[in-house]
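Geometric and topological summary
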Amino acid sequence: MSSLAPPTSAATKAPRTRGVSAMHFKSATTGVASKTMRNELNRLVQTVQDPAAKKGFDTEMQSFFYLFTRYLAEKAKSQDLDWDRIKSPAADQIVPYDKLPSVASADALNKLAVLKVNGGLGTSMGMTGAKSALEVKDDMTFLDLTVRQIEHLNTTQKVDVPLILMTSFNTHEDTLRIIKKYANQQLRITTFNQSRYPRILKETLLPAPKSAEDDKKNWYPPGHGDLYNALLHSGVLDQMLADGKEYLFVSNSDNLGAVVDQRILQHMIDTQAEFLMEVTDKTKADVKGGTLIDYDGQVRLLEIAQVPSEHVEDFKSVRKFKIFNTNNLWINLKALKRVMENDAMELEIIINPKQTDDGQSVIQLETAAGAAIKHFKNGHGINVPRSRFLPVKSCSDLLLIKSDIYSLEHGELVINPKRMFEVTPVIKLGDHFKKIQQFQKRFKKIPHVIELDHLTVTGDVYFGRNVTLRGTVIIVANEGQRIDIPDGCILENRLLSGNLTMTDL
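Residues numbered from 1 in each chain as written. Predicted model: local features only at pLDDT ≥ 70, side-chain atom pairs only at ≥ 80, totals over all residues. Heavy atoms only, no water.

Looking at the overall build of the protein chain
Worth spelling out the cut-off: Working definition: helices are DSSP H or I runs of at least four residues, strands are E runs of at least two. Numbering for both runs from the N terminus. Put simply, the radius of gyration uses C-alpha atoms, and a globule should come to 2.2 Å times the residue count raised to 0.38. For every residue, the accessible area (1.4 Å probe, protein chains only) is compared with the maximum for its type, and the residue is labelled buried under 20%, exposed over 50%, or partly exposed between those bounds. Should any heavy atoms of two residues lie within 4.5 Å, those residues are considered in contact. Accessibility throughout is a Shrake-Rupley quantity obtained with a 1.4 Å probe, and a residue counts as covered only by protein chains that appear here. The charge count includes Lys and Arg as positive and Asp and Glu as negative, but it does not include His or the ends of the chains. In plain terms, the charge of a residue is placed at NZ if it is Lys, CZ if Arg, CG if Asp and CD if Glu.
Along its length, the protein chain carries 11 helices and 27 strands. Its C-alpha atoms give the protein chain a radius of gyration of 25 Å, near enough to 23 Å, the size a compact globule of 505 residues would have. Counting only C-alpha atoms and orienting by the principal axes, one finds that the protein chain spans roughly 80 × 60 × 50 Å. The buried share among the 505 residues of the protein chain stands at 51%. Long-range pairs, those at least 24 residues apart, make up 69% of the contacts in the protein chain with a sequence separation of at least 6. A total of about 24000 Å² of accessible surface is found on the protein chain, and carbon and sulfur atoms cover 49% of it. Taking the average location of the 64 positive side-chain charges in the protein chain and that of its 61 negative ones, the two points are 3 Å from each other.

Right, dumping it as structure tokens:
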């Protein structure tokens, strides 16, 4: 067992003299904090008995320790992004989707693997297990739809695109159980687990867990930027290269628009870009999404967590930052191997403060996968249609996906041709619909919304069967009131309030 190596950064070494300035004081405390953390992590490693498990856990703790010392060094230097050096991306840094080449042959698909980030729990929607197990359309789950898409691709194009699932310690068991049912499909599925890092107690900067087997609540999966470390340490990166795969398409498992696109793959090959990020135009709903920027002539990802508070409104404005990151990423695997072997994958640290159930303040150090763009040659953005970004983050999103706006073709969502407008309706469901159990109880059947522009529902509201909503519909049940929309009801440009008065809008 190798004990964790001390950090080499000058900023993390304690100076010999007593502190003469705030900078010296910070360096001194940084040195103490890193040393104490190193001792604690070594102690955690010693709690693992099985030699193989110990080795894996040690590697994981070394990666965490490296992230932690970087965090301390950056904190000591207090170096924020210089806002004045941030520019909107140049024209050649973002390529419009309609400028991409058309594709004659499917040969390139044999060099492609698809990876879904599958570590999320649906806690915000009241779920307890893996979010990808949620039924989203026609009794099919996120995972079912992905498997159906790739299987269709493999059988129709006569190619072999494998599916790789990156799980977290929260979703791994669930995922393994779910994928058993795909055993006979035309598709190879590989799963691997992303890292499990210890939460850091805010007061003491010590790890929350006392042993490697400590309760789940003391650990966290360190964001999707951990993808690269986890691919390397799990052996999956080497396996893909050995199988002749050269390109990896990465997306979140809850983004139903992220299907394999041969034009983007062909563009990647033609331009020899080592990293592509799909971006799409911002709307009012996307003001918090990360965006591509030009920083001293280099393409970089900027996340809202990195923005100084006085510039947050600038960041959200559509004037300076017109696009945002969909987290659909295309990566050259040989280039990724090169970057990882050179220990060059330094991603901006996102500090995520949390409160434990028993009221303790902890911090999680996370990274974003898209931030890797700066480490690759000719990395750039592709401005894709909005249809490639259909995440299900809430029950409002779920209502839209389940509705007659979309139908399924081979696991892919297709907009109903009867829909007159390309834009989808805006749907805002109130707190009564926040959790999936409540959502399911309040709709006897999903309403017909093919001609809907906007729906807002707040309060204690129930929908009957075969309800049709058109134009702008606002339904407000005030405190202590309940509204039942009867079976077969048609609401067009209506405002319904607590005493069921109907007002034309």
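Moving on, there is more to tell.
Here we look at the pairing of strand E3 (residues 112-117)
Where we set the bar: A pair of strands is labelled paired if DSSP reports no fewer than 2 bridges between them.
Burial analysis of E3 places six of its six residues in the buried class, the great majority of the element. The alternating pattern of E3 places Leu112, Val114 and Lys116 and Ala113, Leu115 and Val117 on opposite faces, both of which are buried. Taken together, the six bridges between E3 and strand E11 (residues 247-252) define a ladder with parallel strand orientation. Following the sheet pairing, lysine 116 is matched in E11 by serine 251. As judged from the four bridges shared by E3 and strand E6 (residues 163-167), these two strands associate in the parallel manner. When the sheet's bridge partners are listed, leucine 115 is paired in E6 with isoleucine 164.

What about helix H10 (residues 395-402)?
Summarising burial for H10: six of the eight residues are buried, a large majority. Every buried residue belonging to H10 is among Cys395, Ser396, Leu398, Leu399, Leu400 and Ile401, and all of these are buried. Buried positions along H10 lie against strand E4 (135-137), strand E19 (406-409), strand E20 (412-415), strand E21 (426-429), helix H11 (436-442) and strand E22 (448-458).

Focus on the packing of aromatic side chains
Heads up, the rule is: Side-chain rings of Phe, Tyr and Trp (the six-membered ring for Trp) are treated as a pair once their centres are within 6.5 Å; stacked means planes under 30 degrees apart, edge-to-face means over 60, and tilted covers the remaining angles. Note on geometry: a ring has a charge over it if NZ (lysine) or CZ (arginine) is within 6 Å of the ring centre and within 35 degrees of the ring normal.
Enumeration according to the criterion identifies 13 aromatic pairs in this entry. Between the aromatic rings of phenylalanine 57 and tryptophan 219, the centroid separation amounts to 6.0 Å while the plane-to-plane angle is 70°, which identifies the pairing as edge-to-face. Placement of phenylalanine 57 in helix H2 (residues 51-77) and of tryptophan 219 in strand E10 (residues 219-220) is noted, with a sequence separation of 162 residues between them. For phenylalanine 57, a relative accessible area of 6% puts it in the buried group. Take tryptophan 219: its relative accessible area is 3%, and that puts it in the buried class. With a centroid separation of 5.9 Å and 50° between ring planes, the pair formed by phenylalanine 315 and phenylalanine 321 is classed as tilted. Taking the relative accessible area as the measure of exposure, phenylalanine 321 reaches 1% and is therefore buried. Here the aromatic cluster, defined as three or more aromatic residues joined through ring pairs, consists of Phe64, Phe68, Tyr71, Tyr197 and Tyr220. Above the ring of phenylalanine 433, the side-chain terminus of arginine 442 is found at 5.5 Å from the ring centroid.

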